Amino acid sequence: MPQAAINGITLNYEVAGNGSPLLLIMGLGGTLDGWRKELPFLTDHFQVIYYDNRGVGQTTAPTDFTAYSMEHFAADAIGLLDHLGIERAHVWGVSMGGMIAQHVALNYPERVQGLVLGCTLSHYTNDPSNIPTLPTEFHAEASNLAPEAWVLELMLSGTQKSAQQVMQDSVRFNFAPAFVAAHPDVIEEYIELGMRNHGPAHGFMGQWSAIMNHSTIERLPKLQHPTLVQHGDADALVPIGNGRLLAYLLPNAEFQLIPGSGHCYFIEQPELASQGVTAFLQSL
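Below you will find a few notes about this structure.

With that out of the way, let us pick up the state of the cysteines. For the structure on display, the rule yields 0 disulfides. The thiol of Cys119 is unpaired, and the distance to the nearest cysteine sulfur, on Cys264, comes to 6.8 Å. With a relative accessible area of 0%, Cys119 lands in the buried category.

Printed below as a string of C-alpha coordinates:
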(Lines give C-alpha, C1' and ligand atoms only; values in the text may rest on other atoms or scores of the structure.)
Protein backbone atom coordinates (compact mmCIF):
# COMPACT_ATOMS: atom_id res chain seq x y z
CA MET A 1 0.00 0.00 0.00
CA PRO A 2 1.19 3.56 -0.66
CA GLN A 3 2.53 5.69 2.16
CA ALA A 4 3.07 9.43 2.58
CA ALA A 5 5.27 11.56 4.82
CA ILE A 6 2.79 13.85 6.59
CA ASN A 7 3.21 16.01 9.70
CA GLY A 8 6.31 14.16 10.86
CA ILE A 9 4.83 10.67 10.50
CA THR A 10 4.51 8.05 7.78
CA LEU A 11 0.83 7.60 6.92
CA ASN A 12 -0.44 4.42 5.30
CA TYR A 13 -3.34 4.87 2.88
CA GLU A 14 -5.25 3.46 -0.06
CA VAL A 15 -7.26 4.95 -2.93
CA ALA A 16 -9.98 3.13 -4.88
CA GLY A 17 -12.81 3.96 -7.25
CA ASN A 18 -13.81 6.90 -9.41
CA GLY A 19 -15.91 9.98 -8.82
CA SER A 20 -16.00 12.78 -6.29
CA PRO A 21 -13.37 12.35 -3.56
CA LEU A 22 -14.64 10.72 -0.35
CA LEU A 23 -12.30 10.59 2.63
CA LEU A 24 -13.04 7.79 5.11
CA ILE A 25 -11.79 8.10 8.71
CA MET A 26 -11.81 5.06 10.98
CA GLY A 27 -12.30 4.91 14.74
CA LEU A 28 -10.31 4.02 17.84
CA GLY A 29 -7.80 1.22 17.24
CA GLY A 30 -9.23 0.51 13.79
CA THR A 31 -7.25 0.30 10.57
CA LEU A 32 -8.25 0.97 6.99
CA ASP A 33 -9.43 -2.66 6.78
CA GLY A 34 -12.42 -1.53 8.85
CA TRP A 35 -13.93 -0.11 5.65
CA ARG A 36 -13.77 -3.39 3.72
CA LYS A 37 -17.54 -3.98 3.82
CA GLU A 38 -18.32 -0.47 2.51
CA LEU A 39 -15.96 -0.35 -0.44
CA PRO A 40 -18.01 -2.47 -2.89
CA PHE A 41 -20.92 -0.05 -2.45
CA LEU A 42 -18.86 3.15 -2.72
CA THR A 43 -16.20 2.75 -5.39
CA ASP A 44 -18.63 3.00 -8.32
CA HIS A 45 -19.66 6.45 -7.11
CA PHE A 46 -16.62 7.98 -5.41
CA GLN A 47 -12.85 8.18 -5.41
CA VAL A 48 -12.48 6.64 -1.97
CA ILE A 49 -9.48 7.59 0.17
CA TYR A 50 -9.00 5.59 3.36
CA TYR A 51 -6.07 5.24 5.72
CA ASP A 52 -4.59 4.17 9.04
CA ASN A 53 -4.73 6.92 11.66
CA ARG A 54 -1.56 7.70 13.58
CA GLY A 55 -1.11 5.05 16.25
CA VAL A 56 -2.45 2.03 14.34
CA GLY A 57 -1.78 -0.24 11.40
CA GLN A 58 1.13 0.67 9.15
CA THR A 59 1.07 4.36 10.11
CA THR A 60 3.59 5.68 12.63
CA ALA A 61 2.62 5.29 16.29
CA PRO A 62 4.38 8.09 18.24
CA THR A 63 5.37 7.17 21.79
CA ASP A 64 4.77 10.73 23.00
CA PHE A 65 1.11 11.17 23.96
CA THR A 66 1.30 14.90 23.15
CA ALA A 67 1.45 13.80 19.50
CA TYR A 68 -2.15 12.58 19.77
CA SER A 69 -4.92 15.15 19.63
CA MET A 70 -7.91 15.84 17.44
CA GLU A 71 -5.94 18.69 15.93
CA HIS A 72 -3.15 16.27 14.97
CA PHE A 73 -5.61 13.79 13.49
CA ALA A 74 -7.42 16.50 11.52
CA ALA A 75 -4.13 17.87 10.20
CA ASP A 76 -3.15 14.35 9.11
CA ALA A 77 -6.41 14.04 7.13
CA ILE A 78 -5.83 17.37 5.39
CA GLY A 79 -2.19 16.47 4.83
CA LEU A 80 -3.29 13.33 2.99
CA LEU A 81 -5.62 15.35 0.77
CA ASP A 82 -2.74 17.74 0.07
CA HIS A 83 -0.46 14.82 -0.78
CA LEU A 84 -3.04 13.56 -3.27
CA GLY A 85 -3.68 17.01 -4.74
CA ILE A 86 -7.32 17.05 -3.65
CA GLU A 87 -8.69 20.50 -2.85
CA ARG A 88 -12.10 19.48 -1.52
CA ALA A 89 -13.68 16.19 -0.47
CA HIS A 90 -16.65 14.61 1.20
CA VAL A 91 -15.72 13.24 4.62
CA TRP A 92 -17.22 10.21 6.39
CA GLY A 93 -15.93 9.41 9.86
CA VAL A 94 -17.11 6.73 12.27
CA SER A 95 -16.68 6.66 16.06
CA MET A 96 -13.36 8.41 16.83
CA GLY A 97 -13.17 9.02 13.09
CA GLY A 98 -16.42 10.96 13.37
CA MET A 99 -14.83 13.13 16.05
CA ILE A 100 -11.86 13.72 13.76
CA ALA A 101 -14.23 14.55 10.89
CA GLN A 102 -15.88 17.23 13.03
CA HIS A 103 -12.49 18.86 13.65
CA VAL A 104 -11.63 18.62 9.95
CA ALA A 105 -14.83 20.46 9.03
CA LEU A 106 -14.47 23.02 11.82
CA ASN A 107 -10.77 23.74 11.32
CA TYR A 108 -10.62 23.43 7.52
CA PRO A 109 -14.17 24.28 6.37
CA GLU A 110 -13.13 25.12 2.83
CA ARG A 111 -11.77 21.59 2.32
CA VAL A 112 -15.01 19.76 3.13
CA GLN A 113 -17.99 19.43 0.82
CA GLY A 114 -20.40 17.00 2.51
CA LEU A 115 -20.00 15.51 5.98
CA VAL A 116 -21.12 12.14 7.36
CA LEU A 117 -20.83 11.43 11.08
CA GLY A 118 -21.40 7.83 12.16
CA CYS A 119 -21.74 6.37 15.68
CA THR A 120 -19.96 9.36 17.18
CA LEU A 121 -20.37 12.19 19.67
CA SER A 122 -19.82 15.90 20.22
CA HIS A 123 -18.35 15.76 23.73
CA TYR A 124 -16.66 12.91 25.57
CA THR A 125 -17.71 12.39 29.17
CA ASN A 126 -18.51 9.62 31.63
CA ASP A 127 -21.00 11.95 33.31
CA PRO A 128 -23.49 13.60 30.95
CA SER A 129 -24.43 16.10 33.65
CA ASN A 130 -21.01 17.68 33.05
CA ILE A 131 -21.59 18.33 29.35
CA PRO A 132 -21.31 22.10 28.75
CA THR A 133 -24.32 23.85 27.26
CA LEU A 134 -26.31 20.63 26.99
CA PRO A 135 -29.60 21.69 25.34
CA THR A 136 -32.58 21.59 27.67
CA GLU A 137 -34.30 19.15 25.31
CA PHE A 138 -31.62 16.56 26.13
CA HIS A 139 -31.58 16.85 29.92
CA ALA A 140 -34.26 14.18 30.25
CA GLU A 141 -32.30 11.64 28.20
CA ALA A 142 -28.82 12.53 29.45
CA SER A 143 -28.47 8.92 30.60
CA ASN A 144 -28.60 7.91 26.92
CA LEU A 145 -25.37 9.76 26.20
CA ALA A 146 -22.83 7.74 28.23
CA PRO A 147 -22.11 4.02 27.96
CA GLU A 148 -22.66 1.70 30.88
CA ALA A 149 -19.67 1.27 33.21
CA TRP A 150 -18.91 -2.28 32.06
CA VAL A 151 -18.32 -1.08 28.49
CA LEU A 152 -15.47 1.28 29.37
CA GLU A 153 -14.00 -1.16 31.89
CA LEU A 154 -13.89 -3.90 29.27
CA MET A 155 -12.49 -1.64 26.56
CA LEU A 156 -9.76 -0.05 28.65
CA SER A 157 -8.57 -3.35 30.12
CA GLY A 158 -7.34 -4.35 26.69
CA THR A 159 -3.75 -3.19 27.18
CA GLN A 160 -3.30 -6.06 29.65
CA LYS A 161 -4.63 -8.76 27.32
CA SER A 162 -3.68 -10.72 24.23
CA ALA A 163 -4.80 -9.46 20.83
CA GLN A 164 -7.27 -12.33 20.56
CA GLN A 165 -8.86 -11.56 23.92
CA VAL A 166 -9.05 -7.85 23.09
CA MET A 167 -10.93 -8.57 19.87
CA GLN A 168 -13.25 -11.11 21.47
CA ASP A 169 -14.09 -8.66 24.25
CA SER A 170 -14.72 -5.84 21.78
CA VAL A 171 -17.45 -7.85 20.07
CA ARG A 172 -19.61 -7.34 23.17
CA PHE A 173 -19.71 -3.54 22.84
CA ASN A 174 -19.20 -3.13 19.10
CA PHE A 175 -21.99 -5.34 17.76
CA ALA A 176 -25.66 -5.91 18.48
CA PRO A 177 -26.16 -9.27 20.24
CA ALA A 178 -28.67 -10.40 17.62
CA PHE A 179 -26.14 -9.75 14.85
CA VAL A 180 -23.43 -11.71 16.68
CA ALA A 181 -25.75 -14.69 17.00
CA ALA A 182 -26.89 -14.55 13.37
CA HIS A 183 -23.55 -13.83 11.66
CA PRO A 184 -20.72 -15.83 13.26
CA ASP A 185 -18.75 -15.69 10.00
CA VAL A 186 -18.61 -11.89 10.04
CA ILE A 187 -17.59 -11.87 13.69
CA GLU A 188 -14.86 -14.44 13.04
CA GLU A 189 -13.49 -12.29 10.20
CA TYR A 190 -13.62 -9.20 12.43
CA ILE A 191 -11.62 -10.96 15.16
CA GLU A 192 -9.05 -12.38 12.74
CA LEU A 193 -8.45 -9.03 11.03
CA GLY A 194 -8.20 -7.28 14.39
CA MET A 195 -5.61 -9.78 15.60
CA ARG A 196 -3.61 -9.37 12.40
CA ASN A 197 -3.67 -5.56 12.62
CA HIS A 198 -3.34 -5.28 16.41
CA GLY A 199 -1.24 -2.19 17.14
CA PRO A 200 0.96 -1.13 20.03
CA ALA A 201 -0.67 -0.32 23.36
CA HIS A 202 0.82 3.18 23.36
CA GLY A 203 -0.88 3.90 20.02
CA PHE A 204 -4.26 2.85 21.38
CA MET A 205 -3.82 4.87 24.56
CA GLY A 206 -2.60 7.88 22.58
CA GLN A 207 -5.79 7.78 20.53
CA TRP A 208 -7.85 7.36 23.70
CA SER A 209 -6.21 10.43 25.23
CA ALA A 210 -7.36 12.44 22.20
CA ILE A 211 -10.92 11.16 22.64
CA MET A 212 -10.98 12.18 26.30
CA ASN A 213 -10.16 15.74 25.28
CA HIS A 214 -12.66 15.91 22.45
CA SER A 215 -15.41 18.51 22.61
CA THR A 216 -17.08 20.34 19.74
CA ILE A 217 -20.48 20.86 21.35
CA GLU A 218 -20.11 24.64 21.59
CA ARG A 219 -18.79 25.01 18.02
CA LEU A 220 -21.10 22.72 16.07
CA PRO A 221 -24.03 25.17 15.77
CA LYS A 222 -21.75 27.31 13.59
CA LEU A 223 -20.90 24.45 11.22
CA GLN A 224 -22.77 25.04 7.96
CA HIS A 225 -21.79 21.92 6.01
CA PRO A 226 -24.64 19.64 4.96
CA THR A 227 -24.28 16.67 7.30
CA LEU A 228 -25.70 13.18 7.53
CA VAL A 229 -25.69 11.66 11.02
CA GLN A 230 -25.95 7.87 11.13
CA HIS A 231 -26.41 5.80 14.29
CA GLY A 232 -27.41 2.27 15.21
CA ASP A 233 -30.14 1.99 17.80
CA ALA A 234 -28.33 -0.84 19.63
CA ASP A 235 -25.02 1.02 20.09
CA ALA A 236 -23.62 0.15 23.54
CA LEU A 237 -20.36 2.08 23.18
CA VAL A 238 -21.70 5.43 21.95
CA PRO A 239 -25.41 5.37 22.81
CA ILE A 240 -27.84 6.69 20.24
CA GLY A 241 -28.61 9.85 22.22
CA ASN A 242 -25.26 11.16 21.00
CA GLY A 243 -26.32 10.87 17.38
CA ARG A 244 -29.58 12.63 18.07
CA LEU A 245 -27.71 15.38 19.90
CA LEU A 246 -25.36 15.87 16.93
CA ALA A 247 -28.28 16.15 14.53
CA TYR A 248 -29.91 18.68 16.86
CA LEU A 249 -26.79 20.83 17.19
CA LEU A 250 -25.88 20.92 13.50
CA PRO A 251 -27.95 23.45 11.53
CA ASN A 252 -27.91 21.49 8.26
CA ALA A 253 -28.10 17.90 9.46
CA GLU A 254 -30.21 14.88 8.61
CA PHE A 255 -30.45 11.85 10.89
CA GLN A 256 -30.50 8.26 9.62
CA LEU A 257 -31.33 5.50 12.08
CA ILE A 258 -29.69 2.15 11.33
CA PRO A 259 -32.20 -0.19 13.00
CA GLY A 260 -31.03 -3.18 15.00
CA SER A 261 -27.36 -2.24 14.66
CA GLY A 262 -24.66 -1.74 17.24
CA HIS A 263 -21.62 0.51 17.24
CA CYS A 264 -20.14 -1.10 14.12
CA TYR A 265 -23.29 -0.48 12.09
CA PHE A 266 -21.12 -0.01 9.01
CA ILE A 267 -20.04 -3.66 9.30
CA GLU A 268 -23.44 -4.99 10.31
CA GLN A 269 -25.39 -3.19 7.57
CA PRO A 270 -22.84 -1.91 5.04
CA GLU A 271 -25.25 -1.73 2.12
CA LEU A 272 -27.87 0.27 4.00
CA ALA A 273 -25.23 2.59 5.46
CA SER A 274 -23.48 3.13 2.13
CA GLN A 275 -26.74 3.67 0.27
CA GLY A 276 -27.66 6.36 2.77
CA VAL A 277 -24.27 8.04 2.39
CA THR A 278 -24.30 7.84 -1.40
CA ALA A 279 -27.81 9.22 -1.76
CA PHE A 280 -27.07 12.06 0.64
CA LEU A 281 -23.73 13.09 -0.87
CA GLN A 282 -24.95 12.83 -4.47
CA SER A 283 -27.84 15.13 -3.64
CA LEU A 284 -25.49 17.99 -2.73
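Further remarks concern the pairing of strand β4 (residues 46-51). Burial analysis of β4 places 5 of its 6 residues in the buried class, which makes it a mostly covered element. Relative to β4, strand β2 (residues 9-16) is paired through 4 bridges, and the arrangement is antiparallel. By the bridge assignment for β4, Glu14 is matched with Tyr50. The pairing of strand β3 (residues 20-25) with β4 spans 5 bridges and is classified as parallel. Looking at the pairing, Pro21 lines up with Gln47 of β4.

Okay, the pairing of β3 next. Within a regular beta strand, the side chains point alternately toward one face of the sheet and then the other, so they alternate between its two faces. The element β3 is largely enclosed, with a buried count of 5 among its 6 residues. Note that β3 and strand β5 (residues 89-94) share 4 bridges and pair parallel. Note on β5: the bridge partner recorded for Leu22 is His90.

Basis of the calculations
Residues numbered from 1 in each chain as written. Predicted model: local features only at pLDDT ≥ 70, side-chain atom pairs only at ≥ 80, totals over all residues. Heavy atoms only, no water. Disulfide = S-S within 2.5 Å. Buried < 20%, exposed > 50% of the residue type's maximum accessible area, 1.4 Å probe, protein only. Helix = DSSP H or I, 4+ residues; strand = E, 2+ residues; numbered from the N terminus. Pairing = 2+ DSSP bridges.

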